[in-house]
Structure formats: structure tokens, C-alpha cells
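Letter by letter, the chains look like this.
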Amino acid sequence: MNELGGAHRRVTPRHDESTVALRRAVLLHGLGRTARSMRPVERALTARGYEVLNIDYPSRVADIETLATGVAREIHRWHSDGPLDFVTHSLGGILLRVAVARGYLSAARVHRAVMLGPPNDGSELADVLPTVPVFGWVFRQFTGPAGRQLGTGPGSVPGHLPPVPFDLGVIAGNRSYNPVFSAILGDANDGKVRVERARVEGMSDFLVVPYWHPLLMAAPKVIAQIIHFLETSSFQR
């Protein structure tokens, strides 16, 4: 258990210590999810020889700054120095950016990172849903303080972050099975984030895939692209 009240870390050692160069990867799940949602990525990276830290942080009980601080502490407890790769889903990408921007985690330690469906420029859902009867109550209960900071207005945390200073690949989905959310978002989206709002200044590569936001980290083709970027600094076309 950590300072955030209930988060824990799942560490998966690499299988073959003798034939694969040591690589370490940190996984950060999305808002309202748990480390279990990142297990498909964890298994794939472990099979490639990575030592994996799959952090289970309590995304609904604290604001983004507090969550980013807690995540950075978990990482330092695991390994206090050396390069790390990162794979994040949704809010997890914003926590990584905040941790680096605030100096909780040195940018020099981020070897490469892949963000899945990150609201790098916010999401209209965080602007609109809190104002709608019933939806507003559900949104507040499900997302907590962090969810209310992911909008596109003046109070948006992502909107005030600097460009990324590390090697980053962003994967955005363009399929949605929630017509209400897609109507609010407009344009191409994955049901939670517009494709164009997943972009961020400083990224190395950007890829759009035909998947829904909650399933990005489970799709085998997406996982293959994650591995390709972590090993080559580009997505495969």
C-alpha cells in the first residue's frame, strides 16, 4: 500500500536473464481502471525480456498532481536510477507528463514511451458531462478529482503542460461504441478522446488505429505496435 491509499505494484521479472539485454518498463493504467487492464501489455513485454512494473494506482481518489507524485515514488522504490520504457493508457500518459514536467521523475530516465488514447489536449467529456443532470453525478463519482482536470478549458491540466522532452509514440483510436459520448466529442474519436487531442508537441510518431478507448491496450495489433516503437522509435506501417 502506498501514500495514495491502496495502490500496489505488480512486478514481473523477465524470463531469460542470460540471453536478453536488460530492459525495464513501467505501465500506467487509465482513469477508473486497474493494473489488471494492462496485463496483456505486461505479458507481451515480459515475453520480450522486459522486467515490468505494472503500477496499480487509485485513480479516482486524488487529483492529478497527487497521483503523479505517488506514481513517481513507486518508480523510485522499484529502481532509483537507470533508463525506463513506459506504456500508458489515457490518464496514465498525463501522469507521466506531469511527473516529468514537475521534476518528480527525470526526463533522462525515460528511454521511450508509448501512450494509448492520451487526452494530451484534454477531452470535451470533462467539460460537458459535469453540467448534465444524472450524467454529471455519474461522472463525478466515477472519475473523482482527476477526471475533472482533464477538460479543454482554463482549468485543464494537460493544456498547461510543456511539450514532451522524451522519445514518445502516441496511438489514438478512432472507433466508438458510445454514440452519446461520440456526439459530444465530435470529429474522429475513440469514445473518450478526439484523435487530434491525443497529439502532443514533441512526440516522435503518431498512429491511428480502429479501436475503442477501453480496448486499446488489449488489441494484439496495438501491442505489436507498442513493442515496435519501444525497440525502434517508430511505428510499423
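Data block above holds the structure.
Throughout what follows, the structure given in this document is the object of discussion. Residue numbers restart at each chain and count upward from 1, following the sequence in its written direction. Residues qualify for local features only when their pLDDT is at least 70, as the model is predicted, and side-chain atom pairs are given and counted only at 80 or more; totals for whole chains, interfaces and linings, by contrast, use all residues. Side-chain descriptors were evaluated using all non-hydrogen atoms of the structure, hydrogens and water having been removed beforehand.

1. Quick word on the pairing of strand 6 (residues 167-173)
Item 1. Buried residues dominate strand 6, accounting for 7 of its 7 residues.
Item 2. Burial of the side chains of strand 6 extends over both faces: D167, G169, I171 and G173 are buried on one face and L168, V170 and A172 on the other.
Item 3. Bridge count between strand 5 (residues 110-116) and strand 6: 5 bridges; the pairing is parallel. Looking at the pairing, V114 lines up with G169 of strand 6.
Item 4. Bridge count between strand 6 and strand 7 (residues 205-209): 5 bridges; the pairing is parallel. Residue pairing for strand 7: G173 is matched across the bridge by V209.
Item 5. The β-α-β motif built from strand 6, the intervening helix 6 (residues 179-185) and the parallel element strand 7 has right-handed crossover chirality. Burial classes: relative accessible area under 20% of the type maximum marks a residue as buried, over 50% as exposed, and values in between as partly exposed (1.4 Å probe, protein chains only). Helix and strand definitions here come from DSSP, where helices need a minimum of 4 consecutive H or I residues and strands a minimum of 2 consecutive E residues; each element is numbered from the N-terminal end. A pair of strands counts as paired when DSSP detects no fewer than two bridges linking them. Crossovers are marked right-handed if the path from the first strand over the helix to the second runs clockwise, as seen with the strands pointing away from the viewer.

2. A look at the nonpolar core
Item 1. Residues grouped as a nonpolar core are buried Ala, Val, Leu, Ile, Met, Phe, Trp, Tyr and Cys residues, joined through side-chain atoms within 4.5 Å. By size, the foremost hydrophobic cluster in this structure holds 45 residues, and its most contacted members are V26, I64, I75, F86, L91, L96 and F166.
Item 2. Contacts: residue pairs with any heavy atoms within 4.5 Å of one another. Setting aside residues up to four positions removed in sequence, V26 forms contacts with L53, I55, I75, W78, L84, D85, F86 and V87.
Item 3. Core analysis: the next-biggest nonpolar cluster, separate from the first, contains 24 residues, V41, L45, Y50 and I223 among them.

3. Let's talk about the pairing of strand 5
Item 1. The buried count for strand 5 comes to 6 of 7 residues, which makes it a mostly enclosed element.
Item 2. With 6 bridges connecting them, strand 4 (residues 84-89) and strand 5 associate as parallel partners. Of the residues in strand 5, the one forming a bridge with L84 is V110.
Item 3. Where the polypeptide runs from strand 4 across helix 3 (residues 91-101) and back to strand 5, its parallel neighbour, the crossover connection is right-handed.

4. What about the side chain of S90?
Item 1. Within the element layout of this structure, S90 appears in the loop between strand 4 and helix 3.
Item 2. Residue classification places S90 among the buried positions, given a relative accessible area of 10%.
Item 3. Discounting chain neighbours no more than four positions away, the residues touching S90 are G30, L116, G117, P118, P119 and H213.

5. Observations concerning a nonpolar patch on the surface
Item 1. Like charges within 9 Å and nonpolar side chains (Val, Leu, Ile, Met, Phe, Trp, Tyr) within 5 Å are joined into patches, using only residues over 30% in relative accessible area that form no salt bridge. Note on areas: these come from Shrake-Rupley sampling with a 1.4 Å probe, and a residue is covered only by the protein chains present in the view. Between Lys or Arg on one side and Asp or Glu on the other, a salt bridge is scored when a side-chain nitrogen of the former is within 4 Å of a carboxyl oxygen of the latter. Together, V134, V138 and F142 line one region of the surface with nonpolar side chains, adding up to about 280 Å² of accessible area.
Item 2. Mapped onto the fold, F142 is located in helix 5 (residues 135-147).
Item 3. Look at F142 and you get partly exposed, because its relative accessible area is 38%.

6. A few points about the pattern of salt bridges
Item 1. Inspection of every chain in the model, using the stated rule, returns 13 salt bridges.
Item 2. Across the pair R102 and E65 runs a salt bridge whose closest N-O atoms are separated by 3.1 Å. One end of the pair, R102, is in the loop between helix 3 and strand 5; the other, E65, is in helix 2 (residues 64-78), with 37 residues separating them in the sequence.
Item 3. When its relative accessible area of 27% is taken as the criterion, E65 is described as partly exposed.
Item 4. Here R77 makes a salt bridge to E74, at a shortest N to O gap of 2.9 Å. Of the two residues, R77 and E74 are both situated in helix 2; the distance of 3 residues between them amounts to about one turn of the helix.

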